[in-house]
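Descriptive structure summary
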Amino acid sequence: MKQETFCKELAALTPEMPESFHLRVETFLGEKVREEAQASASPERRTLRTGRRIGRRALVIALIAALLLGTAAVAATQWDIFRTLRVILGVQPPTADSVMQSILCHETVNGVDITVREAGYDGRTLLLQYSFRLPDMVEPLDDLSPVTQRGVGWWVDAFWINGQAMDMAADSGSDYTAGDVPGEIIRTDYWRLDNLGVTLSGEVEIVLPIGEMQPAEYRRAIYDAETDQYTLPDRGIVTFRIDTGDTLCRVVTLHPDAEAVLPDVTARVTEAAFTPLMTYITLKLAVNPASLEAYQAEHGMGYYAEDGTLIWAYGGADVFAEWAESLQLVDGAGEMLFPGYYGGNGVGNTWAEFIYPYLDASALPEEMWLAPVRDGEADMTLAVRVK
């Protein structure tokens, strides 16, 4: 049946609806239109805000179209964390709603509104986004100085999960962006809890030291020199809870351990982890002793101080860095799974890590490799098997 015929027949079969139903449906559709318009910066999309009142039967048809034809667009939440950290996380995966939560906490401290906007945990990384807003400001806020001038913000390098202090984990980071309303600045954090050996399950309590800044005397009072950690403070904090559910059970890990003996390095993937949000691949590397010796013969033993003392010896990473930095995730035919996306997250003398966007672990290619790619061509003779 053609769409035009379908609409005509549906309109004929649809009875007139009560005014109260009409208003509720129109409100629903209006909200969806406004959300879509706000999500886009284009003038063309913003024009969707305006329009005339439509007939009741046509309104029912529009509602059915929204529910049947646009279910994904209506139901899926556009998480701002993925927009802010797109370089790291890539495009928001279809599984995001299953691990993300919103508006977890709101407090006002010294005239500053603090809102924990979004949070999520994928089994490896804890994602947090929170905002500071000065309601009396009419100009955009592009730095934290007006917030700190009111004595609000981070005042110690730690946070707490279920009362346990968390250090600043390796490969963690944050990003500041201006908010959508005047006087607002947004911070987005990503914490690699797996690098601390920390895993989460079920409901957890998170405490951030982002309230009223505390003096140095108080910081010293809560610091335990024996453990080199801060005990849970009773002031200057914002506390909220998130439900991490059974996310750990949803992480699929592969351990191929297929060794690739290459001219300069012997490499193998020790683990490939597929979470509801990202893909993590870890390599174990061992430099070819002859290659390292040749490199040192050409470039010297390493970096020397002015007095001639060797302060940093060249190692494996200096020998095979160019190869490691050219690796891309490809299928068995050498086709890149994420063209234009750089997955390298660090390389050392004995390891390398790659992080890619979400992959459905139940629908992976038959073969997956990390292969050096140059000019769009993968060199499979220097590749390391992932799956």
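Everything numeric in this text was worked out from a predicted model, so none of it was measured. In this convention, every chain numbers its residues from 1, walking through the sequence in written order. Confidence filtering applies because this is a predicted model: local features only for residues at pLDDT of at least 70, side-chain atom pairs given and counted only at 80 or more, and all residues used for totals across whole chains, interfaces and linings. Each side-chain value is derived from all of the structure's non-hydrogen atoms; neither hydrogens nor water enter the calculation.

Concerning the overall build of the chain
Per the secondary structure count, the chain includes eleven helices and 23 strands. Taking the contacts inside the chain whose residues are at least 6 apart along the sequence as the reference set, 62% of them involve residues at least 24 apart. In this description, accessible areas are obtained by the Shrake-Rupley approach with a 1.4 Å probe, and a residue is regarded as covered only by the protein chains that are shown. Carbon together with sulfur atoms contributes 52% to the accessible area of the chain, which is approximately 20600 Å² in total. For helices the rule is a DSSP run of H or I covering at least 4 residues; for strands it is a run of E covering at least 2, with both sets numbered from the N terminus onward. Contacts between residues were defined by any pair of non-hydrogen atoms, one from each residue, lying within 4.5 Å.

Concerning unusual backbone geometry
In this structure, Asp171 is a non-glycine residue whose phi angle is positive, near 70 degrees. Mapping Asp171 onto the fold places it in the loop between β5 (164-166) and β6 (173-178). Residue exposure (1.4 Å probe, protein chains only): buried if accessible area is under 20% of the type maximum, exposed if over 50%, otherwise partly exposed. Its relative accessible area of 33% is what places Asp171 among the partly exposed residues. The backbone of Asp375 shows a phi angle near 55 degrees, a positive value even though the residue is not glycine. Of note, Asp375 is situated in the loop between β21 (368-374) and β22 (377-378). With a relative accessible area of 82%, Asp375 lands in the exposed category.

Quick look at the sheet that holds β5
Each strand in a sheet pairs with its neighbour through backbone hydrogen bonds, running either in the same direction (parallel) or in the opposite one (antiparallel). What the four strands build is an open sheet, ordered β5-β4-β8-β11; its pairing is antiparallel. At either margin of the open sheet sits one strand with a lone partner, and together these are β5 and β11 (238-243). For this sheet the average axis-to-axis angle between neighbouring strands, irrespective of direction, equals 30 degrees. By the convention used here, strands pair only if DSSP detects at least 2 bridges between them. Two strands pair when backbone bridges link them, and strand β8 (residues 203-208) and β11 are joined in this way by six bridges, in the antiparallel orientation. Across the sheet, residue Glu205 finds its bridge partner in β11, namely Arg241. For helices, the axis comes from a line fit to the C-alpha atoms of the stretch in contact; other axes are also lines fit to C-alpha atoms, and the angle between any two N-to-C directions lies between 0 and 180 degrees.

Some remarks on helix α11 (residues 316-325)
Summarising burial for α11: seven of the ten residues are buried, a large majority. For α11, the full list of buried residues reads Gly316, Ala317, Val319, Phe320, Ala321, Trp323 and Ala324.

So, the sheet that holds strand β3 (residues 125-133)
Reading across from one edge, β1-β2-β3-β7-β6 is the order of the five strands in this open sheet, with antiparallel pairing throughout. What marks the edges here is a single partner per strand, and that holds for β1 (100-109) and β6. Here the strands of the sheet are splayed against their neighbours by 15 degrees on average, with no regard to which way each runs. Bridge count between β6 and strand β7 (residues 184-192): six bridges; the pairing is antiparallel. What sits directly across from Thr177, in β7, is Ile186.

Notes on the pairing of strand β20 (residues 351-357)
Most of β20 sits inside the fold, with six of its seven residues counted as buried. Examined bridge by bridge, strand β19 (residues 344-347) and β20 share two bridges and lie antiparallel to one another. Within β20, the position partnered with Val347 by the bridge is Ala352.

Examining the nonpolar core
Soluble globular proteins: nonpolar side chains tend toward being buried together. Note on terminology: a nonpolar core comprises buried Ala, Val, Leu, Ile, Met, Phe, Trp, Tyr and Cys residues joined through side-chain atoms within 4.5 Å. Counting residues in each nonpolar core, the largest one holds 40 residues, and the members touching the most others are Leu126, Phe159, Leu193 and Ile206. Of all elements in the fold, only β1, β2 (112-121), β3, β4 (159-161), β5, β7, β8 and β11 reach the threshold of two or more residues within this core. Per-element accounting of this core gives the leading share, five residues, to β2. Judged by nonpolar contacts, the second largest core, of 26 residues, contains Val265, Trp323, Ala324 and Leu359.

Re the layout of surface pockets
Any residue with an atom within 4 Å of a point lines the site, the site being either a cavity, points on a 1 Å grid over the protein atoms alone where a 1.4 Å probe fits but cannot get out, or a pocket, an open set with protein on both sides within 12 Å along at least 5 of 7 lines. Grid points are joined across faces, edges and corners, and a volume is the space filled by probe spheres set on the points. Counted as a void, the second largest pocket has a volume near 240 Å³. Along the wall of the second largest pocket there are 16 residues; nearest its centre are Val87, Ile88, Tyr341, Asn345 and Ile355. Broken down by secondary-structure element, the contributors of at least two residues to the lining of the second largest pocket are α7 (86-89), β3, β7, β15 (278-287) and β19. For the lining of the second largest pocket, the element with the most residues is α7, which contributes three residues. Asp, Glu, Lys and Arg are counted as charged, while Ala, Val, Leu, Ile, Met, Phe, Trp, Tyr, Cys and Pro are counted as nonpolar; the rest, among them Gly, fall into the polar class. Per-class residue counts for the lining of the second largest pocket are ten nonpolar, four polar and two charged.

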